[in-house]
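Observations on chain architecture
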Amino acid sequence: MKKWGTLSLTLLLAVGLLTACGQNKNGNDSAASGEANTGSAAKKTLTLGTSADFPPYEFHKVVDGKDSIVGFDIDIAKDIAADMGAELVIKDLPFDSLLNELSSGRIDMVISGLSPTEERKKAVELSDIYYKAEQSVVVREADKDKFSTMDSLKGTKIGVQTGSIQEELAKGIEGAQLTSLGKISEIVLQLQSNRVDAAIIEGPVAKSFVKNVKGIVITDAKPEAEDDGYVVGIKKGNTELLDQVNKTLSRLNSEGKIDEYVTAASELAEK
């Protein structure tokens, strides 16, 4: 057996310490402050999985000179962590990978504009609904009158987010050709470049993009989904965390905090 010298042992320890920090898709896990998680043994962590391209729910914003993940879903997650006496760690992941990451135990909960579909109910625990919103159809400004009803979308090219409730809605439109992408910003680019005729996007998110991107508008078409409410996803069987999450959500709703968070996040997304 080969023996390790002092230098080799030192290098091994250094690599171990670096590995313990973990990585997200951008190379680092983000704590609630936007800093890397130090993994303090004195305080437990609560790892949130989210797809931070969904303003005003969750999105990237430069705050005090640092790229941070903000939004009213993030504010809710911070309250859940605080009520547990835990440090919040945020992992920014593709939306369609979130439930797999949750089931594998690599994250503790998902808050990311998650709808309580029957399929998801079978796979993970779902909290009480904490927010409801309408769905919207976004088109190029010149096509606002052309696509003013859901019937007018038959046979069109429609952009949607992969794995979302909007994708399921679009599948129900006769003759529609779907372009499913991971990020809302990618869908908007497809719309701007004439690769799709319309995009189905969750209401507040659509409003945020329309205010910040020239040449696109929300039409009068009204998609209707059975699951317009949003919930927190938790690993199957983790009823202790589920109970804590529902307790925090109940408190926030009774105090009117969620409405405050939505207003503040919407204003931040427009800056």
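As shown above, the structure is provided for reference.
This write-up is about the structure you can find in this document. (Residues numbered from 1 in each chain as written. Predicted model: local features only at pLDDT ≥ 70, side-chain atom pairs only at ≥ 80, totals over all residues. Heavy atoms only, no water.)

On to the overall build of the protein chain, then. Each helix and strand in the protein chain was counted, giving nine helices and 15 strands. Sorting the 271 residues of the protein chain into buried and exposed places 47% on the buried side. In the protein chain, of all internal contacts separated by at least 6 residues, the share reaching a separation of at least 24 is 71%. (Helix = DSSP H or I, 4+ residues; strand = E, 2+ residues; numbered from the N terminus. Buried < 20%, exposed > 50% of the residue type's maximum accessible area, 1.4 Å probe, protein only. Contact = heavy atoms within 4.5 Å.)

A few words now on unusual backbone geometry. Note the cis peptide between Pro-55 and Pro-56, where omega equals 5°. When you line up the elements, Pro-56 lands in the loop between β3 (53–54) and β4 (58–63). One non-glycine residue, Asp-64, adopts positive backbone phi at about 55°. By the element assignment, Asp-64 lies in the loop between β4 and β5 (66–70).

Here helix α2 (residues 72–84) crosses helix α9 (residues 257–270) at 140°, and the two axes come no closer than 8 Å. Here α2 is positioned oblique relative to α9, judged by the angle of their axes. The two elements α2 and α9 meet at a crossing, and its hand is right-handed. Between α2 and α9, the residues in contact are Phe-72, Asp-75, Ile-76 and Asp-79 and Ile-258, Tyr-261, Val-262 and Ala-265, respectively. (Axes fitted to C-alpha atoms, helices over the stretch in contact; angles between N-to-C directions. Parallel < 35°, antiparallel > 145°, perpendicular 65-115°, else oblique. Left-handed = near helix turned anticlockwise from the far one by under 90°.)

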